[in-house]
Structures are given as structure tokens and as C-alpha cells.
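Residues per chain, in single letters:
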Amino acid sequence: MIEFQSATKRFPDGTVAVRELDLTVEAGTITVFVGPSGCGKTTSLRMVNRMVEPTSGTVLVDGVDVLSSDPARLRRGIGYVIQHAGLFPHRTVLDNIATVPLLSGWTRRKARSRAAELLELVGLAGELGSRYPAQLSGGQQQRVGVARALAADPPVLLMDEPFSAVDPVVREGLQDELLRLQNDLDKTVVFVTHDIDEAVRIGERVAVFAEGGRLAQYVAPAELLASPADDFVADFVGRDRGYRGLSFLPASDLALGEVATTEVGATRGGLSAEASAEDWVLVLDGDRRPRGWLAPDSPWRRDRDAGELAESDLVAGGSLHTDGGALRGALDAALSAPSGLGVVVDDSGRYRGVITPSRVLDLVERRRSKRGGPSAGATT
Ligand SMILES: Nc1ncnc2c1ncn2[C@@H]1O[C@H](COP(=O)(O)OP(=O)(O)OP(=O)(O)O)[C@@H](O)[C@H]1O
């Protein structure tokens, strides 16, 4: 557990980077510090491993004041990952990862074998171990940075904008990877970002910092989106927060409808009788996985001499909603489908049924009235 107790950092030039910070990071959780540039996130993070010392107040790691700990020893129990990974350019990937174990007195052999294990753990192929950092992509370098921070198996992991330098797709992959790792490792993670979407995606709790190093709100992501503490937080959390909040509501109890289906390779005569000429027909593959839609005005349907139904006759489908996922995915599936019917699949991607936007919104409405919130029908 990490505790900030009225921790304040005033730099010699008078800048107050962090003001009277009171915050507890529970052990085994991911806590995200988020906020605009210059509001004290990095300074707060660095107070944990004593790279910055508080001018007043206290920072405790597992109940021990960091100022009473030997800095080198303290840092051995705290992994640190930064933007651009901060790898040593003249050391191979394996030697980079083995750095801390070697400093802790491990034999070279043991440290390298641990490094090879970690390479695999962060999803990198073993042969990358002999490369130099410049021979890796940005995303691969960040993974090596994470592996290096985990090498000595520290209970605490500090991550300062670790994924900011990579493109959004790679970034999402790295976020997923971190969540998967955390499932197995159970570290106490403090993660700094200025990206609110990243914060609500990976944080179990999110601390929003405001100008002058003030902590504006510290709650779970769903609550942050539903009830921002003040105008600053509401503004920072940004647009679409109502819609984004649907990510945290499970779409259980969603009643699925049915639609006429056919398969790629079907002939016109094989189109099921229940598919009337005005209906969209969902096209599946042999394993009942959705491939696309057959539009009511599809030339294939009107052409008496048409051959077997081919992928090229189909209209691309929208996003798929996996049964048991969140309401946001369900609504997106319904809104993005060309037919107006969102396709729901099971965990293996097989067709289960369809949903309309209004069914999803009905469920949102029911959930809201259960919670005692205002319903759309209630007017004042
Ligand atoms: N060594 C220093 N001396 C003086 N002021 C500093 C020093 N380090 C940071 N600051 C100031 O302290 C404030 C907080 O900086 P910090 O780096 O903690 O912010 P941040 O929220 O992490 O910002 P960013 O998102 O841009 O990294 C800023 O105003 C910064 O200019």
C-alpha cells in the first residue's frame, strides 16, 4: 500500500508542484494519476521512489516513510517504466532486462534466464533478446521497458506515461497486455497519463489532478464518468461521458431478437422462406460466424440466374457485440449495423441473435430507474 499524507512538493524556485496530497493506493490495484500537463502527476509519482522528496507531509510505502528508507534499497522494490522505455542503447534486450537482477547480485546466468522468461511474459519472441533497442519497434521497446521493471519482481510498479509514444492501436494492445499481466502478477501499480480514455480503461481507481498540484477527484472510473466532482473534472473527462459510461454497465438481461439468416455459398432458392423481400438477411459462414448482410435491394436477390452467394454480394456488417459484454459494445453494434440490427455473438464468435438500439436503450432506462435515477418519462 502507498499512502500520501498531506504530501507537498515546493521546488526551490517556489513552484508548488504537489499541494497537500492525501491519497491511498491500495495494494494489488492499478491506480491512475491523470490530468493536464504540469499538474504534478510525475512529481507525485517520483515521491514514491524518492526521486523527488516531499517538502512537507509524508509518503509511506507499506507503512514505512520513504525518507527513512535507503534510496537504493527502496528502488529495488519499485519497478519504474517511463515514456520511450529508457532502455540502454548499447545493451542487448536481454541485458537490458537483466539490469536490476545483476545489480542485486544475481549470477549472470540466472539473470539472463529470468530475462528470457520475462521476454515471453510480455509477449515478445525469444529471438528479439539478442537485438539492440534501436532494432525494435516503439511498442516492442515499451514491452521491454515493462519486462525490465518487472525483472526483480518488485511489489510496486511506477509507470510514467509508458505508452504515450506509440500509435493508438499499439497502445491499446499494450494496455490489454498490462491488464492481462496484472491479473497474474497482482502488483501495486501507479500509472501516470494525460489521456482520460487510457485512465478509465486501465485504472481501478483514477486520481484527477488539477492545476497547482491539487487532487480534484479520486474514485473508480465508472463514478468519475457518472459524477464528476466539479466543472474542472467534468470538462477534463470530456464529451460523451454518458455514452462512455456504458462501458462499465454489463449488457446482461438483453433480450435477443431473431433475423433471417443464410450462408455464404447459398443459392437463391436456398434463401429461407421467412426472409421477405424487404428484410435484411444476415449471412453466416459454415461455423455460424457472421460474414455480412444481404441488403433488400441486393442485385443477387433480384437476379433469377444468380449463382452461389459470394462475399462480394454482401454489405459489410457493423461491430459485433459479444454476449456478456458491456452496454457500450451492444449499443455500438446496434448503431453500426447497416440493417439497424446489432449482431450478438458468443465467446467463439458464433451468431446468437440481434438487438435494436431501442432495446439497448430500454435496458439502460431500466437500470437507471432501478438505481432511482430520473427516467426519461418523468417530466417536471
Ligand atoms: N525541478 C523542477 N523545478 C521547478 N519546477 C519544476 C521542477 N519539476 C517540475 N516542476 C514544475 O512542477 C509542476 C508539476 O510538474 P510535473 O512534471 O509533476 O507535472 P505533470 O502533471 O507530470 O506534467 P506532464 O503531464 O506535462 O508531464 C510543473 O509546473 C513543472 O513545471
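Residues numbered from 1 in each chain as written. Predicted model: local features only at pLDDT ≥ 70, side-chain atom pairs only at ≥ 80, totals over all residues.

**Some points on the overall build of the chain**
Per the secondary structure count, the chain includes 14 helices and 16 strands. Judged by the C-alpha coordinates and their principal axes, the chain covers about 80 × 65 × 30 Å. Classification of the 380 residues of the chain by burial places 35% in the buried group. Look at the contacts in the chain between residues 6 or more apart in sequence, and 58% of them connect residues 24 or more apart. (Helix = DSSP H or I, 4+ residues; strand = E, 2+ residues; numbered from the N terminus. Buried ≥ 20, exposed ≤ 12 C-beta atoms within 10 Å, placed from the backbone. Contact = placed C-beta atoms within 7 Å.)

**Let's talk about the pairing of strand β9 (residues 205-210)**
The pairing of strand β3 (residues 30-34) with β9 spans four bridges and is parallel. Its bridge partner lying in β9, Val32 is registered against Val206. Bridge count between β9 and strand β10 (residues 214-219): five bridges; the pairing is antiparallel. Looking across to β10, one finds that Val206 is bridged to Val219. (Pairing = 2+ DSSP bridges.)

**A word on the sheet that holds strand β4 (residues 56-61)**
Ordered by their spatial adjacency, four strands build an open sheet running β2-β1-β4-β5, and the pairing between neighbours is antiparallel. Two strands lie at the open edges of the sheet, namely β2 (16-25) and β5 (64-65), each paired on one side alone. Of the strand pairs in this sheet, β4 and β5 are connected by two bridges, and their pairing is antiparallel. If you follow Val61 over to β5, its bridge partner there is Val64.

**Details of the environment of Pro133**
Summarising the element assignment, Pro133 is placed in the loop between α5 (108-121) and α6 (138-150). In sequence terms Pro133 and Arg288 are 155 residues apart; their C-alpha atoms lie 44 Å from each other. Not counting residues up to four positions away in its chain, the partners in contact with Pro133 are Leu87, Pro89, Val93, Asn96, Gln141 and Val144.

**Topic: the nonpolar core**
Core analysis: the biggest nonpolar cluster contains 66 residues, and Val32, Val48, Ile97, Ala147, Ala151, Leu158 and Val190 have the highest contact counts within it. Per-element tally for this core: the top contributor is α6, with five residues. In contact with Leu158, other than residues within four places in its own chain, are Leu45, Val48, Asn49, Ile78, Gly79, Tyr80 and Val190. Within the second largest apolar cluster, 24 residues are counted, among which are Leu254, Val283, Leu331 and Leu363. (Core = buried A, V, L, I, M, F, W, Y, C linked by C-beta atoms within 7 Å.)

**A look at the sheet that holds strand β7 (residues 156-160)**
Read across the sheet, six strands follow the order β6-β7-β8-β3-β9-β10 without closing on themselves; strand pairing throughout is mixed. At either margin of the open sheet sits one strand with a lone partner, and together these are β6 (78-82) and β10. Neighbour-to-neighbour, the strand axes of the sheet open up by a mean angle of 15°, direction not taken into account. Pairing between β6 and β7: five bridges, direction parallel. When the bridges of β7 are listed, Ile82 appears paired with Asp160. Its contacts with the sheet place helix α1 (residues 41-48) against β3, β6, β7, β8 (188-193) and β9, and it is angled at close to 155° to β8. (Axes fitted to C-alpha atoms, helices over the stretch in contact; angles between N-to-C directions.)

**Considerations on the pairing of strand β15 (residues 342-345)**
Inspection of the sheet shows strand β14 (residues 320-322) paired to β15 by three bridges, in the parallel sense. Paired with Thr322 across the strands is Val345, a residue of β15. Crossover β14 to β15 through helix α13 (residues 327-336) is right-handed. Where β15 meets strand β16 (residues 351-355), four bridges bridge the pair, whose relative direction is antiparallel. The residue of β16 that forms the bridge with Val343 is Val354. As consecutive antiparallel partners, β15 and β16 are separated by five residues, and within that stretch Gly349 has a phi angle of approximately 85°, a positive value. (Right-handed = clockwise from strand over helix to strand, strands pointing away.)

On their own, these measurements won't tell you what the molecule is for.
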